[in-house]
Amino acid sequence: MRIVGPRGGTDLRGPTACELVTEEQVDGVLARLGPDPLRPDSDPDDAWRRIERSRRPIGALLMDQRVMAGVGNVYRAEVLFRAGIDPHRDGRDVSRDEFFRLWADLVALMPIGVERGRMHVVRPEHDHGAPSYAEDRPRTYVYRRTGEHCRVCGTPVRTEVMEARNLYWCPTCQR
Ligand SMILES: [Zn+2]
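Note that the coordinates shown come from a computational prediction; the quantities given were computed from them, not determined experimentally.

1. Quick notes on the side chain of Glu78
Next, step 1: Along the chain, Glu78 falls in helix α4 (residues 72-83).
Next, step 2: Here Glu78 sits buried without a salt bridge, and the closest side chain of opposite charge, Arg82, lies 7.0 Å off (N-O distance).
Next, step 3: Apart from residues no more than four positions distant in its own chain, Glu78 is found in contact with Val121, Thr140, Tyr141, Val142 and Tyr143.

Structure follows, in structure tokens:
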């Protein structure tokens, strides 16, 4: 779905629900959502409780809106890279510390994306070298960089489909 407003627009891909619904049904959808890193009243413990005992890969859990709301495909790839976590690792093999650092990273990064309309995820010390995947987008560590060299270690970036979306990661930096 494309949403267009007076200050520009955005494309919504892979939404939780994309259908005409009543207000009551909207409440139902919202009630099923996990904590949203953009909302100060969110409780990350609600997400952690689902992740810590899950045998699903963390790369799938981050895309599950019941676990955590609003992360999306770019942030999934990029925060897992920044955290050094292999997206295939089971939720239950992610430590509490790792999860809360990941949450804090989303809380820091996502408002910047909302404010600028661009997802800035690359730390200043790595923001050079190979250009971004698109002219009008900031650089990414791994997102849409299949086969290109990792900005940190030089290993070719890998991709595969996970949860119906392309997942990108560095097999060396992410364990
Ligand atoms: Zn790497």
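2. Side note on the nonpolar core
Next, step 1: Ranked by size, the top nonpolar core spans 32 residues in total, and within it Ile51, Ile58, Met68, Phe99 and Val142 carry the most contacts.
Next, step 2: Counting only elements with at least two residues in this core, the list comes to α2 (44-51), α3 (58-61), α4 and α5 (96-116).
Next, step 3: If sequence neighbours within four positions are ignored, Ile58 has contacts with Ile51, Leu80, Ile85, Asp86, Pro87, Arg89, Asp90, Gly91 and Val94.

3. Remarks on the pairing of strand β2 (residues 8-11)
Next, step 1: Judged from the four bridges that link them, strand β1 (residues 2-5) and β2 form a sheet pairing that is antiparallel. Bridge assignment links Arg2 to a residue of β2, and that residue is Asp11.

4. Observations regarding the pattern of salt bridges
Next, step 1: Under the counting rule described, the total for this entry stands at 13 salt bridges.
Next, step 2: Taking the shortest distance from any N to any O, the salt bridge between Arg56 and Glu163 comes out at 3.7 Å. Here Arg56 is found in the loop between α2 and α3, whereas its partner Glu163 is found in the loop between β3 (158-162) and β4 (165-169), with 107 residues between them in sequence.
Next, step 3: Taken together, the shared-partner salt bridges connect Arg56, Asp64, Arg66 and Glu163 into one network.

5. Structural notes on the environment of Leu62
Next, step 1: Positionally, Leu62 belongs in the loop between α3 and α4.
Next, step 2: Owing to a relative accessible area of 0%, Leu62 belongs among the buried residues under this scheme.
Next, step 3: Counting along the chain gives 25 residues from Leu62 to Pro87, while the straight-line C-alpha distance between them is 9.4 Å.
Next, step 4: Here Leu62 is in contact with Met68, Val71, Arg76, Val79, Leu80 and Leu102, once residues within four sequence places are set aside.

6. Concerning a nonpolar patch on the surface
Next, step 1: A cluster of nonpolar side chains, Met1, Ile3 and Leu12, forms an exposed patch at the surface whose accessible area comes to about 270 Å².
Next, step 2: Secondary-structure assignment places Met1 in the segment before β1.

7. Section: the environment of Val122
Next, step 1: Mapped onto the fold, Val122 is located in the loop between α5 and β3.
Next, step 2: Separated by 70 residues in the primary sequence, Val122 and Glu52 have C-alpha atoms spaced 27 Å apart.
Next, step 3: Excluding residues that lie within four positions of it along the chain, Val122 makes contacts with Arg82, Asp127, Arg139, Thr140 and Tyr141.

8. Considerations on the coordination of the zinc ion
Next, step 1: Coordination sphere of the zinc ion, protein contribution only: Cys150 (SG), Cys153 (SG), Cys170 (SG) and Cys173 (SG), at 2.3 to 2.4 Å.
Next, step 2: Counting gaps between the donor residues of the zinc ion yields the pattern C-x2-C-x16-C-x2-C. Of the two residues, Cys153 is situated in the loop between α5 and β3 and Cys170 in the segment after β4; the sequence distance between them amounts to 17 residues.

9. Digging into the packing of aromatic side chains
Next, step 1: One pass over the full model with this rule turns up six aromatic pairs.
Next, step 2: A ring pair is formed by Trp48 and Phe99, whose centres lie 5.5 Å apart and whose planes are at 25°; its orientation type is stacked. Taken together, the positions of Trp48 in helix α2 and Phe99 in helix α5 put the pair 51 residues apart, joining distant regions of the chain. This pair shows no difference in class: Trp48 is buried, exactly as Phe99 is.
Next, step 3: Feature note: the residues Trp48, Phe99 and Phe100 constitute an aromatic cluster, connected by ring pairs.

Cut-offs applied
- Every chain is numbered on its own, with residues counted from 1 as its sequence reads.
- Per-residue local features are limited, in this predicted model, to residues with pLDDT of at least 70; the limit for side-chain atom pairs, both in listing and counting, is 80 or more; totals at the level of whole chains, interfaces and linings are taken over all residues.
- Note that water and hydrogens are dropped before the side-chain values are worked out from all heavy atoms of the structure.
- The helix and strand labels rest on DSSP assignments: H or I over at least four residues marks a helix, E over at least two residues marks a strand, and numbering proceeds from the N terminus.
- Under the scheme applied here, a residue whose accessible area is under 20% of the maximum for its type counts as buried, over 50% as exposed, and between as partly exposed, the area being computed with a 1.4 Å probe on protein chains only.
- We count Lys and Arg on the positive side and Asp and Glu on the negative side, and we leave His and both chain ends out.
- What counts as a salt bridge is simple: a side-chain nitrogen of Lys or Arg found within 4 Å of a carboxyl oxygen of Asp or Glu.
- Contacts are residue-level and defined by heavy atoms, with any inter-residue pair within 4.5 Å sufficient.
- Throughout, nonpolar core names a set of buried Ala, Val, Leu, Ile, Met, Phe, Trp, Tyr and Cys residues whose side chains join them through atoms within 4.5 Å.
- Should DSSP find at least two bridges between two strands, the strands are regarded as paired.
- A residue counts toward a patch only above 30% relative accessible area and without a salt bridge, and it is joined to like-charged neighbours within 9 Å or, for Val, Leu, Ile, Met, Phe, Trp and Tyr, to nonpolar neighbours within 5 Å.
- Using the Shrake-Rupley algorithm and a 1.4 Å probe, accessible areas are obtained, with residue cover drawn only from the displayed protein chains.
- Only nitrogen, oxygen and sulfur atoms qualify as donors, provided they sit within 2.8 Å of the metal or within 3.2 Å for Na, K and Ca; with water excluded from the atoms, sites may seem incomplete.
- Ring geometry is summarised as follows: Phe, Tyr and Trp rings, the Trp one being its six-membered ring, pair when their centres sit within 6.5 Å, and such pairs are stacked at plane angles under 30 degrees, edge-to-face over 60 and tilted between the two.

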